[in-house]
Amino acid sequence: MTSTTNLNIRTDRELKEESEHIFSELGLSMTTAVNMFLRATVRENGIPFSLKLEEPNAVTVQAIEEGRRIANDPDYPTYHDMESLRASLDDETD
């Protein structure tokens, strides 16, 4: 017979409520879901899903650099409302 113990954790109230709703839809309790996570952790000998910081791809890096250039260029046009942006775009197509 396996002995049990209590596990007390603190989490955001909204996260808990949203999770409980999903678990309920799946026919699970919070306790069962947490135990599933813990058992998967033991089985996988680590977190049972990928934890990684992905490097941005070349296109994203280029877009970030372009955004920084634009943000630091005082001569780059800025728009304070949609009408002025639309007018500028209309001028470019004429």
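Data block above holds the structure.
As the structure is a prediction and not an experimental result, all values here were calculated from the model. (Residues numbered from 1 in each chain as written. Predicted model: local features only at pLDDT ≥ 70, side-chain atom pairs only at ≥ 80, totals over all residues. Heavy atoms only, no water.)

**Q** Any chance you could break down helix H1 (residues 13-25) for me, citing the residues and the numbers?
**A** If you check H1, its first and last C-alpha atoms are 19 Å apart, about what 13 residues at 1.5 Å a residue would give, namely 18 Å. Sitting at the head of H1, Asp12 places a side-chain oxygen 3.1 Å from the backbone nitrogen of Glu14. One or two steps after H1, the chain reaches Gly27, where phi turns positive at roughly 80 degrees. (Helix = DSSP H or I, 4+ residues; strand = E, 2+ residues; numbered from the N terminus. Expected span 1.5 Å × (residues − 1). Polar contact = N/O pair within 3.5 Å; in protein donor to acceptor, adjacent residues only side chain to side chain.)

**Q** Can you lay out the layout of surface pockets for me, pointing to particular residues and giving the numbers?
**A** By volume, the largest pocket is sized at about 630 Å³. Taken together, 20 residues line the largest pocket, and the ones lying closest to its centre are Leu7, Met30, Thr31, Val34 and Asn35. Contributing elements (two or more residues each) for the lining of the largest pocket: H1 and helix H2 (30-44). The dominant element in the lining of the largest pocket, judged by the number of residues it contributes, is H2, at seven residues. (1 Å grid on protein atoms, 1.4 Å probe; cavity = no way out; pocket = protein on both sides within 12 Å on 5 of 7 lines; lining within 4 Å. Points joined across faces, edges and corners; volume = space filled by probe spheres on them.)

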